[in-house]
Every structure is written in C-alpha cells, then in structure tokens.
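Coordinates in review
Next come the chains, spelled out residue by residue.
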Amino acid sequence: MERRCGVLLPIASLPSKYGIGCFSKEAYEFVDFLKKAGQTYWQILPLVQTGYGDSPYQSCSTFAGNPYFIDPDSLVDAGYITSDSLKEYEFGGDYGYVDYDKIYIERFKMLRTAYRNSPFALETTGKWSSSLYDDDRKKFEKFNRRNFGWLMDYAIYSAIKDECGGIPFIEWDEGIRCRTPVAIQEVLDRSAEQIRFYEFVQYIFFEQWHKLKKYANDNGILIIGDLPIYVAYDSADTWSHPELFLLDENGYPDKVAGCPPDDFSENGQLWGNPLYCWDYHRLTSYLWWSRRMKHSLNMYDILRIDHFRGFESYYAIPYGDENAKGGEWLKGPGNEFFDVMKQIVGDGNIIAEDLGFKTWEVEKLLSDSGYPGMKVIEFSFSNPQKEEDLPKNFPKHAVVYTGTHDNQTLRSWYEGLDDELKEHVNRHVNITPRKNKIWALIRCALETKCDTAIIPMQDYLELDDYARVNIPSTLGGLNWRYRLDDKMLTPSLARKMRRYANETNRRDKRRKKEGSS
C-alpha cells in the first residue's frame, strides 16, 4: 500500500432526512468532501443487515446487505413509491441519532410498498406488467441466479422469521428448524411472495451500493470494508448451514465467542456468536469462507478482516455463562486458512485487525500472511515504560488510526487522561498550551511511517464521546446510533485536512494537480 490517508465513518452515521445514513445524495456529497479534503480512503463498517442490538457485527446474514441503507429517493426516481407517500413514514428525523425502533418498522413498510408497485412482484399490476420492463426483470433474475448460494436461504429465513413473529430460529417448529424437505417446500408454496420481496430488497441494495462505490472510485476514493469474523447465532447462516458451527445435537452452541478479562474489562467480553467447526471447514477446503471472501472483495476495494487473532487461537466461552471469565483459548486454522484464501481469491488488498491480546504466535501469523496490521494512537501511550509502542516506532507496513469505532473519540480520550499520562503524551507529541491538542495528535498519526493512516471523522471534528460509535460488550444506549451533521463538513475543514495530507506526504500525487478543486 502506498503512503495515503483516509477517513473512518459508517454509512449509518451519514446525515440524511430518512433517519439513518444511506446511499442517498448525502453519501455522494461525502465522497465529494473526501476528494476535496485530499483523502484516498473511505473506511466503513460492515454493510450487513443488523438484528437485535443493532450491531453490524451481529448480523442475521453474512452476505445480505442492510435494507436500512436503501435510499428512498432512488425508489421515488424509479417510480416504485411517490414523494408524497414518503411523508407518511416516521423515520426519526434528520440528524443526531438513529432511532432503530422507528427505522425497523417504517423502513420495511416503505420497502413492501415499493415492492408491490414494481415490475418484480410475483403479481404485477398496471404498467409494471408491461413487456417494457422485461429487461429489468431479466436483470433481477440474473442477480438471483448469481447469488443463489446465499440469497435463497436468506430470503426463506427472513420470510419464516416474519411468519413466526421474529422469534429465534431455534424456537421454530422442528420441521422448519431442521429444514426437512417437506417443511421447506411448504414455506416455498405459501410464502413465495414474501421470499421474492426479500430478494427484491437485496437486488435494490446491491444496485445502489455498487453505484455509490463506482462514484467513489471514479473520484479517486477507495472503499475499505469490514469482514466480521463471526456471524450471529440467530442467522440465516447458522440455520441453513449448522455443520459450519460448533453446535450440540439440539442445535445450541457448545461454546460461544468473546474475549478474556483485561485491563479494560474485568469480566471480559461475551459476544455470544457461535464458534466455527474448523475441522469441517478444513475438510471442505474452506469453501464457505472462500465464497464469503470473494463476495466481500467484490463489494470493497480493500477488506479489513476483523479479529485476525481468532484465526490463530480463539477464545471459547461455555454457552450460558454470564460473562467471559470461564473461557479458554483453542487453536484456530492458522496459516493453512490464509494459504487457501490466497490460492482462491489472491493476495487481495487485506488489512488484519490484530488488536487485543497478542502472542508471538499471532505476531508470526501476521508476518507470514504478509498483511498490514493496525496501530492505534490511543493505545500507544498506555504504558510509559514501553518505548517500542510509541508512534515514532510504528512500522511502515501497517495502518495507523487515532482510534477505531470501538474507542472513545480522541478528544474524550485525551481529556480523560490522568496528569502523568497526559504529560507523557504531551512530551512525545510535542503538545504545548498554544497548540490544538486534537489536531496535534492527528498529525502525530499522519506523520508515522505507516503506509496508511485512517482518522475517524469525529476526531477531525474534535467531537467528544456523544459521537462515539460503540462501547464494546454493551447493548443499547447510544451504541451504533451516532449521526453526523453535514453542516460540520465545511470547505475550511476540507482545506485543513488536505493541507495535513500534503504536509505529511499522504496525498495521492496523481491528484495534487487538482489544487483546491
């Protein structure tokens, strides 16, 4: 990776008039802002459909896109809904925070209306029955065929969830839960329209996403996506392919994922995701994983692999435990996994999220993989005795962040330091009373030897923890809810960001000719 910089901002955090950030004009305007700011990368969080807790790391499908991100205005442009009808839905306001309760109810109401009034419904009406829309229907069917390996399972799972009032699949009637041919055929017969609706939603999602990505790429912005290592237990993946996971004879997990206790959490982190049956994945040459990687690399320019250390060893917590204290480390697939992935999908543009508890085995796996790891400014000063952790010693082949979506904003982190640690930071970053402390820390990240620097948008805006994205291992509150006010994205901010990119030699040389355009 060449010496470049970018911004971290989830799609959900974009401003929009529809309650949550989406693939609307504001997303295109953010691309324009990044271009003016001299950035090369836009890093986002997983685009997958969220479930209970609203976390993109607890998805009901590792392949399906989040319906919340579909732009309503594009549906109006297509004629599937009217601009007047949009006023009937209460999405939760323009700015501030996402109201997921309203979004969950109103977004699907809107999408069902759009589906019924489209050329893709099983029973089309009016003009949508015309042969003029045959080419549209052919594109839709081509999408369905190309994605059949995951799309049908997801659509059936979603239709059954609706039918059963949203209860977890483990509580479904045995025939459906165990996917007997008779039970599945009955669902196909009675829920054909519902199944097709969910296919329609995914078709629209990917059409809109690839259009936005193309716009970003055409303007010199590359997308860094995120691949969560785990899927949610109550998911289409676990229901349709239980053999991929460590489940007991009744379909419940033997053990679940998490992290052990550490300085940040005395009880550890209990994520609750089912763990993989790596023996089965090895026997199938990691086929499911290769499909997953191909799917992700088709969506993004660069892929961040979440919880990289879990491929060396993963923390397994007995199912039903209230915290992570009783877990144990078990061996993961290691080098073999990444060797197979490289044979199937190539080296790819991969970033390894190697944060957290590290051992020499994890360090060796990272080195053997050849992928850049991550360095975080907020972590680098935590131990004044460890000179090797300081930003000035970060390696070239790495991606530096001021903080991630799981950290405090840079402002709140710095303001919360005790006097001794703050003095340690000030000394190494050369922060003086007259300097802007947050921008000094941003420059510190940009000046490191790391090839790539990614700064959360909240840090460029000098926001405190009201703008924090997530507090790990917690549910509710303001997690995943922050939304940006686009009035903050001023020309003067773009100029300052571009100047910092220039002064730290991180601006794409091909774009310097653009000047201030």
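Let me begin by describing the structure that accompanies this report. (Residues numbered from 1 in each chain as written. Predicted model: local features only at pLDDT ≥ 70, side-chain atom pairs only at ≥ 80, totals over all residues. Heavy atoms only, no water.)

To continue, consider the pairing of strand S12 (residues 398-401). Residues Ala-398 and Val-400 point to one face of S12 and Val-399 and Tyr-401 to the other, with burial holding for every one of them. For strand S11 (residues 373-376) and S12, the ladder comprises four bridges, and the chain directions are parallel. Within S12, the position partnered with Met-374 by the bridge is Val-399. Of the strand pairs in this sheet, S12 and strand S13 (residues 452-456) are connected by three bridges, and their pairing is parallel. Its bridge partner lying in S13, Tyr-401 is registered against Ile-454. (Buried < 20%, exposed > 50% of the residue type's maximum accessible area, 1.4 Å probe, protein only. Helix = DSSP H or I, 4+ residues; strand = E, 2+ residues; numbered from the N terminus. Pairing = 2+ DSSP bridges.)

Attention now goes to the packing of aromatic side chains. One pass over the structure, following the stated rule, counts 63 aromatic pairs. For the pair Phe-120 and Phe-140, a centre-to-centre distance of 5.0 Å together with 45° between the ring planes defines the contact as tilted. A residue pair is termed long-range when its members are at least 10 positions apart, and Phe-120 in the loop between helix H4 (100-116) and helix H5 (134-146) and Phe-140 in helix H5 qualify at 20 residues. In terms of burial, Phe-120 and Phe-140 fall into one category: buried. Pairing Phe-120 with Phe-200 gives two aromatic rings, centres 6.0 Å apart and planes at 40°, and the pair type is tilted. Taken together, the residues span a long stretch of sequence, with Phe-120 in the loop between H4 and H5 and Phe-200 in helix H9 (residues 192-218) at a distance of 80 residues. (Phe/Tyr/Trp six-rings, centres within 6.5 Å; stacked < 30°, edge-to-face > 60°.)

Our focus in this paragraph is the nonpolar core. For soluble globular proteins, the rule of thumb is that nonpolar side chains tend to be buried together. Counting 163 residues, the largest nonpolar core has Phe-30, Phe-33, Trp-42, Phe-200, Trp-209, Trp-289 and Met-457 as its most contacted members. Per element, the largest residue contribution to this core is twelve residues, and it comes from H9. If near-sequence neighbours (up to four positions away) are discounted, Phe-33 is found in contact with Met-457, Leu-489, Thr-490, Leu-493, Ala-494 and Met-497. (Core = buried A, V, L, I, M, F, W, Y, C linked by side-chain atoms within 4.5 Å. Contact = heavy atoms within 4.5 Å.)

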